[in-house]
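Chains, contacts and geometry: an overview
Now for the letters of each chain:
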Amino acid sequence: MSDAVGIYISIPFCKAKCTFCNFASGAFGAERMPRYVDRLCEEMRAVRAGADRISASLGGSVDTVYFGGGTPSLLSATQFRQIFDALRGEFDVARDAEITLECAPGQLGDETLDELQRQGMNRISFGVQSFVDRESAAVGRLHTREQCEAEIARVRRAGVGEINLDLIAGLPHQTEESWKFSVDQAIASEVPHVSVYLLEVDEDSRLGREMLEQGTRYGAAAVPSEDDAAGWYEQACLTLDDAGVGQYEISNFARSGHRSRHNLKYWTRQPYLGFGVDAHSMLLTAEGAARFANTDDLETYLGVVVEGGPLRLFDSSQGVSSSSSFCSDVDHIGAEAAFEESLFLGLRLNEGVDLDRVRDQFGDAMLRAAMPALLEVQDAGLLELYSDRMRLTTRGRLVSNEVFSRLLIPSAA
Ligand code: SF4
C-alpha cells in the first residue's frame, strides 16, 4: 500500500440550499469566506503538531486532493491560491496528483477555473442530479439542462477531461422515462465518470419535514416510491454498464482508467486527511489507525479564531477536544474494528473483498468468527462468497446498509 495521503477540503458554502439536503452546508454569507479560508490555512499549518500528538503518520506525499462541500467553486481565484499556498507549504503534493473540484453547473467563474488549472486541478465533479429542468428546480437546483451541457463543453475546452456527473434517482416528479432520459444524457455527454445516488431525504431538511407533515410546497407528494427509485437505480447500473461506464462501487461508474483515485482511498482504507467544517480523517498509527472529524458547525469552526486562542487540532491531555476546538473525539481503530471496516468498505466495491489479504492482515480467527453471518447473508441472496473473495450481489448493493448491520461482529455490535 502506498503511504501517500489524500486530502479532503470542505467548503460549506452554497448559493441556495437544496430542499433534501441537510449537510453541514448552506447559503452562508460570502463575507464569511475570507475568514473560512484563513481558518483552513491555519488548520493545515497546525496539523503536523496535532498528528504528532496522537502518533499518527501524515504519509510521505499527497497524491489526491478533493474540494467538496457545499459548492467549492464559489471561492474566488485568490482564495484558492491562498489555500494551495498553505497546502504546498505543509505537504509535498505529487506532480501527478488527482485534484478534484466539486461544482454546481453555472457556478464556476472563468477566473477561478483558470487559477485552479494553474494549481493543477484536473478533475471536476458536477452536481447535475437531473437533466430534466422541472426535477432540478423542484429540489432547489439553480441550473437547467442547457447550462449543464454548456458547462461540460466549457471545462472540456479549457482542458479538463476528467469529468464526473452526479445523478439522483427518486427526485420529486421523476418518472421511469425521465430517469432514463437523464441517464441517457449522461452517457451521451461521454463523460468518463458518473455517480448515481438514491434520493436520501434528511428528516431535518425542508423536503424531509414536508414529507412527514404531508405538505405541498417542496413537492413531497411527487416523490416517487422507494421501490420505483430502487428499480431505476438497478436499470441505470445495466444501462451504464452497456455503454462502457462500468460500475465499480455502489454509487460509482467509470470508463476504464477513470475511477476516482481519491474516493478509492475511502473504500480501501488508505489514509486521508480532512480540513474544514465536518471534514473527516483517517490516519495510520503504530497500533492501526485513528479516525477523527471536525465540528459540523460553521460558527464553531470560525469561532476558534474569534476567541483568539491558538488552534488546537487535538487536545491530547483529555483525548477529546472541547467544543470550541476543531476536532471531536479521536477514535483509535483496533484490530477488530479495522477488520470490520475492511469488510464493509471493501464490499462497497464491485470487485469485493480479497479474503487472502484479509487473512494475511487480521489472521484466520476473525474471518472464521464472521463466517456464520456471512453465510446467512449469502443464503439471503445478498452476497457471493468464494474461497478467495466475496462481493455483494446486485440486490445486496441495493440494501447494503442492511447487509452491513447483519455482518457486525457480535462482540463489537
Ligand atoms: S446538495 Fe450540495 S449544493 Fe445542494 S445544498 Fe447540499 S451541499 Fe449545497
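Residues numbered from 1 in each chain as written. Predicted model: local features only at pLDDT ≥ 70, side-chain atom pairs only at ≥ 80, totals over all residues. Heavy atoms only, no water.

Thoughts on the packing of aromatic side chains
Counted by the stated rule, this structure contains 11 aromatic pairs. Where Y248 meets W267, the ring centres are 6.3 Å apart and the plane angle is 70°; that geometry is what we call edge-to-face. Taken together, the positions of Y248 in strand 8 (residues 246–249) and W267 in helix 9 (residues 261–267) put the pair 19 residues apart, joining distant regions of the chain. Across the pair, W267 and Y248 agree in class, each one buried. Here the aromatic rings of F339 and F362 are separated by 5.7 Å at their centres, their planes lie at 80°, and the arrangement is edge-to-face. Residue F339 is located in helix 11 (residues 335–348), and its partner F362 is located in helix 12 (residues 355–362); the two are separated by 23 residues in the primary sequence. (Phe/Tyr/Trp six-rings, centres within 6.5 Å; stacked < 30°, edge-to-face > 60°. Helix = DSSP H or I, 4+ residues; strand = E, 2+ residues; numbered from the N terminus. Buried < 20%, exposed > 50% of the residue type's maximum accessible area, 1.4 Å probe, protein only.)

Section: the packing of helix 11 against helix 13 (residues 364–379)
Helix 13 packs onto helix 11 with a crossing angle of 60° between their chain directions and a minimal axis gap of 11 Å. For the element pair helix 11 / helix 13, the angle class is oblique. Between helix 11 and helix 13 the crossing geometry is right-handed. Contacts between helix 11 and helix 13 involve A335, E336 and F339 on the former and, on the latter, M366, L367 and A370. In the contact of helix 11 with helix 13, the residues fall into 5 nonpolar, no polar and 1 charged. (Axes fitted to C-alpha atoms, helices over the stretch in contact; angles between N-to-C directions. Parallel < 35°, antiparallel > 145°, perpendicular 65-115°, else oblique. Left-handed = near helix turned anticlockwise from the far one by under 90°. Contact = heavy atoms within 4.5 Å. Nonpolar A, V, L, I, M, F, W, Y, C, P; charged D, E, K, R; others polar.)

Section: the domain arrangement of the chain
Domain parsing of the chain yields domain 1 (5–267) and domain 2 (353–412). Approximately 490 Å² of surface area, both sides summed, lies buried where domain 1 meets domain 2, with 72% of it carried by carbon and sulfur atoms. Considering only the surface of domain 1 that becomes buried against domain 2, Y233, E234 and I250 emerge as the three largest contributors, covering 71% of it. At the boundary of domain 1 with domain 2, the tally comes to 1 residue pair in polar contact (both at pLDDT 80 or more). Among the elements that line the side of domain 1 that touches domain 2, the one with the most residues is helix 8 (residues 226–242), at 3 residues. Considered class by class, the residues forming the side of domain 1 that touches domain 2 number 4 nonpolar, 1 polar and 1 charged. (Domains from an automatic or database assignment. Buried area = accessible area lost by both parts, 1.4 Å probe. Polar contact = N/O pair within 3.5 Å; in protein donor to acceptor, adjacent residues only side chain to side chain.)

Comments concerning helix 8
The first and last C-alpha atoms of helix 8 sit 24 Å apart over 17 residues, in line with the 24 Å expected at 1.5 Å per residue. Within the sequence span of helix 8, burial applies to A229, A230, W232, Y233, A236, C237 and L240. The buried residues of helix 8 occupy an angular sector of 160° when the element is viewed end-on, so they sit on one face. Of the exposed residues in helix 8, the ones pointing more than 90 degrees away from its buried face are D227, L238 and D242. If you follow the buried residues of helix 8, they end up packed against strand 6 (162–169), helix 6 (176–188), strand 7 (193–198), strand 8, strand 9 (252–254) and helix 14 (394–398). With its phi angle positive at about 90°, G244 sits one or two positions after the end of helix 8. (Expected span 1.5 Å × (residues − 1). Arc of directions from axis to C-beta.)

Description of the sheet that holds strand 15 (residues 383–385)
Sheet strands pair via backbone hydrogen bonds, and the direction of the pair is either parallel or antiparallel. Taking strand neighbours across the sheet as the criterion, the 3 strands line up as 14-16-15 in an open arrangement whose pairing is antiparallel. The strands lining the two open edges of the sheet, one partner per strand, are strand 14 (353–354) and strand 15. Pairing of strand 15 with strand 16 (residues 389–392), which is carried by 3 bridges, proceeds in the antiparallel orientation. The partner of L383 across the bridge, within strand 16, is L392. (Pairing = 2+ DSSP bridges.)

Examining the side chain of T19
With respect to the element layout, T19 can be found in the loop between strand 1 (5–11) and helix 1 (33–53). In contact with T19, other than residues within four places in its own chain, are A138, V139, G140, S205, R206, L207 and Y218.

Focus on the pairing of strand 6
The buried fraction of strand 6 is high, at 7 of 8 residues. Here strand 5 (residues 123–129) runs beside strand 6; their pairing, made up of 5 bridges, is parallel. When the sheet's bridge partners are listed, I124 is paired in strand 6 with I163. Pairing between strand 6 and strand 7: 6 bridges, direction parallel.

With respect to the pattern of salt bridges
Throughout the structure, instances matching the rule amount to 20 salt bridges. Linking R348 and E249 is a salt bridge whose minimum nitrogen-to-oxygen distance equals 2.5 Å. In this pair, R348 is assigned in helix 11 and E249 in strand 8, connecting sequence segments 99 residues apart. Taken together, the shared-partner salt bridges connect D356, R359, D364 and R368 into one network. (Salt bridge = Lys/Arg side-chain N within 4 Å of Asp/Glu carboxyl O.)

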